Amino acid sequence: MTLAAAVALGMGLPFPARQGLGWALAAGAMGGVSLALFYRALASGKMGLIAPVSAVVGAAIPTIVTALREGFPGWRHFTGFILAGIGVWLISRTEENDSRPEGLGLALVAGCGFAGFYLCMHQAGNGSALWLAVCSRSASLLVTLAIVILGGLLRAVPRPLAGLAVVAGTLDITGSATFVYASQIGRLDSAVVLTSLYPAVTVLLARVFLHEHFSRARTVGMLAALAAVPMIAG
C-alpha cells in the first residue's frame, strides 16, 4: 500500500472522488477479510484445490450480475467463459486418491468476498486505478488489524516471513490496480473471468514447490483455461 501510494503521488494522479472512495473502502473491507480466509484455507488444505474453488465462486457472481445489467456479452465471450469454467473445474476437481478436502468451506466464503470486492471496485468509477487500489488496501489494513488485535492474534513475525509478505503484498496490490483499470476500460465480467484464471499458476507453483499431484485432468484444465483467454479478451 505504501509503495503504490508513493507511485501515485510521484505520478501526480488525482485522488478519487468521495463516491469512488466509499466504494473502494467497502471493497477493501470485504477483500481484506476474504484474503485472510483465503490464506487460512490455503494453509489448511491443498493449494491446487482451494485456489480454483475460490476463483470460480468469485468469478461466477460478478459474471451473472454483469450479464443481468449489461446484457449478453456475445457468443465468443460466452464460449470463453464456459471454457474457462470447465478449465477451472478440471483444475479443482478432487482426484480419486484424495481425501475429503480441508478448507473448502473457507474457500467458498472467501470466493463470495472476492465477488463483493470485484463488484464494489467496479462501482468505484473511473478514478485513478492506483489510488483506488491504495484506498481499498487501507480499509483492508484497518479491518484485518482490528481482527488481529481483538482476536489476540498479534505476535512477532519472523523476518524471512515478513519479507515474503512484503513481496506478496506488492504483487497483490499490483494485481488489484490492473484489475481496476481493466474493469474501467472493458466489461466487468471479462475482467473478472480473466483475473480468475490465476489458479492455473497456483497449481503449477504447488506442483513445483509443494510436489502436489498433477493429474491429466488438471493438465487439460489448464490448457482449457489458457485457450479461454484470447476468446474473452479478443
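Structure: see above.
Figured I'd write up the structure that's included with this text. (Residues numbered from 1 in each chain as written. Predicted model: local features only at pLDDT ≥ 70, side-chain atom pairs only at ≥ 80, totals over all residues. Heavy atoms only, no water.)

### Notes on the overall build of the chain
When helices and strands are counted, the chain shows ten helices and zero strands. Starting at the N terminus and walking to the C terminus, you meet the elements of the chain as α-α-α-α-α-α-α-α-α-α. In the chain, which comprises 234 residues, the proportion classed as buried is 40%. Here the contacts in the chain between residues at least 6 apart in sequence split such that 87% fall between residues at least 24 apart. Entry remark: accessible area of the chain is about 12,600 Å², with carbon and sulfur atoms responsible for 71%. (Helix = DSSP H or I, 4+ residues; strand = E, 2+ residues; numbered from the N terminus. Buried < 20%, exposed > 50% of the residue type's maximum accessible area, 1.4 Å probe, protein only. Contact = heavy atoms within 4.5 Å. Areas by Shrake-Rupley, 256 points an atom, 1.4 Å probe, with all protein chains shown as cover.)

### Quick notes on the layout of surface pockets
To locate leftover empty space, one rolls a probe as large as a water molecule over the atoms. A volume near 220 Å³ is recorded for the second largest pocket. Together, 14 residues line the second largest pocket, and Ala 59, Ala 60, Phe 81, Gly 85 and Val 193 are the ones closest to its centre. Here the element with the most residues in the lining of the second largest pocket is helix α3 (residues 47–70); it accounts for six residues. Partitioning the lining of the second largest pocket into residue classes produces eleven nonpolar, three polar and no charged. (1 Å grid on protein atoms, 1.4 Å probe; cavity = no way out; pocket = protein on both sides within 12 Å on 5 of 7 lines; lining within 4 Å. Points joined across faces, edges and corners; volume = space filled by probe spheres on them. Nonpolar A, V, L, I, M, F, W, Y, C, P; charged D, E, K, R; others polar.)

### Quick word on the side chain of Ser 136
For Ser 136, the position within the fold is in helix α6 (residues 129–150). Look at Ser 136 and you get buried, because its relative accessible area is 0%. With residues up to four places along the chain from it excluded, the contact list for Ser 136 reads Ala 24, Gly 28, Phe 117 and Met 121.

### Some words on the side chain of Ser 176
Looking at the element boundaries, Ser 176 is found in helix α7 (residues 159–185). The buried category is assigned to Ser 176, whose relative accessible area is 6%. Looking at Ser 176, its side chain comes within polar contact range of the side chain of Arg 137, at 2.7 Å. Each residue touching Ser 176, except ones within four places of it in the same chain, is listed here: Phe 117, Ala 133 and Arg 137. (Polar contact = N/O pair within 3.5 Å; in protein donor to acceptor, adjacent residues only side chain to side chain.)

### Section: helix α8 (residues 188–195)
When you tally the buried positions in α8, you get six out of eight residues, the bulk of the element. Within the sequence span of α8, burial applies to Leu 188, Asp 189, Ser 190, Ala 191, Val 192 and Val 193.

### Here's the deal with α6
Three or four residues apart is the spacing at which side chains of an α-helix point the same way, because the helix has 3.6 residues per turn. Spanning 22 residues, α6 covers 32 Å between terminal C-alpha atoms, matching the ideal 32 Å at 1.5 Å per step. By the burial criterion, the buried members of α6 are Ala 129, Leu 130, Trp 131, Leu 132, Ala 133, Val 134, Cys 135, Ser 136, Arg 137, Ala 139 and Ser 140. Structurally, α6 contributes buried residues whose contacts are with α1 (2–11), α2 (18–44), α5 (104–123) and α7. Trailing α6 by a residue or two, Gly 152 shows a phi angle of about 65°, which is positive. (Expected span 1.5 Å × (residues − 1).)

### Here's the deal with the pattern of salt bridges
For the coordinates displayed, the defined rule picks out two salt bridges. One salt bridge in this structure joins Arg 137 and Asp 172, with 2.4 Å as the shortest N-O distance. Here the residue Arg 137 occupies a position in helix α6, and Asp 172 occupies one in helix α7, the gap between them amounting to 35 residues. Here Asp 189 and Arg 187 are joined by a salt bridge, their closest N and O atoms 2.7 Å apart. Judged by its relative accessible area of 0%, Asp 189 is buried. (Salt bridge = Lys/Arg side-chain N within 4 Å of Asp/Glu carboxyl O.)

### Quick word on the packing of α5 against α7
Direction vectors running N to C along α5 and α7 enclose 60°, while the axes themselves pass 10 Å from each other. Put simply, α5 runs oblique to α7. In terms of crossing hand, the pair formed by α5 and α7 is right-handed. Contact residues: Phe 117, Tyr 118, Met 121 and His 122 in α5; Ser 176, Phe 179, Val 180 and Ser 183 in α7. The residue makeup of the contact of α5 with α7, split by class, is five nonpolar, three polar and no charged. (Axes fitted to C-alpha atoms, helices over the stretch in contact; angles between N-to-C directions. Parallel < 35°, antiparallel > 145°, perpendicular 65-115°, else oblique. Left-handed = near helix turned anticlockwise from the far one by under 90°.)

### Things to note about a nonpolar patch on the surface
On the surface, Met 1, Leu 141, Leu 145, Ile 149 and Leu 154 cluster together into a nonpolar patch covering about 470 Å² of accessible area. Overall, Met 1 belongs to the partly exposed group, its relative accessible area being 35%. (Patch = residues over 30% accessible without salt bridge, like charges linked within 9 Å, V, L, I, M, F, W, Y side chains within 5 Å.)

### Some words on the packing of aromatic side chains
Following the criterion strictly, the structure yields six aromatic pairs and no others. Measuring from centroid to centroid gives 5.7 Å for Phe 38 and Phe 114, while their planes differ by 70°, and the two rings are edge-to-face. Residue Phe 38 is located in helix α2, and its partner Phe 114 is located in helix α5; the two are separated by 76 residues in the primary sequence. For Phe 38, a relative accessible area of 9% gives the class buried. Among the residues examined, Phe 114 registers a relative accessible area of 13% and is labelled buried. Ring centres 6.0 Å apart and planes at 65° place the aromatic pair Phe 117 and Tyr 118 in the edge-to-face group. Three or more aromatic residues joined by ring pairs form one cluster here, namely Phe 38, Tyr 39 and Phe 114. (Phe/Tyr/Trp six-rings, centres within 6.5 Å; stacked < 30°, edge-to-face > 60°.)

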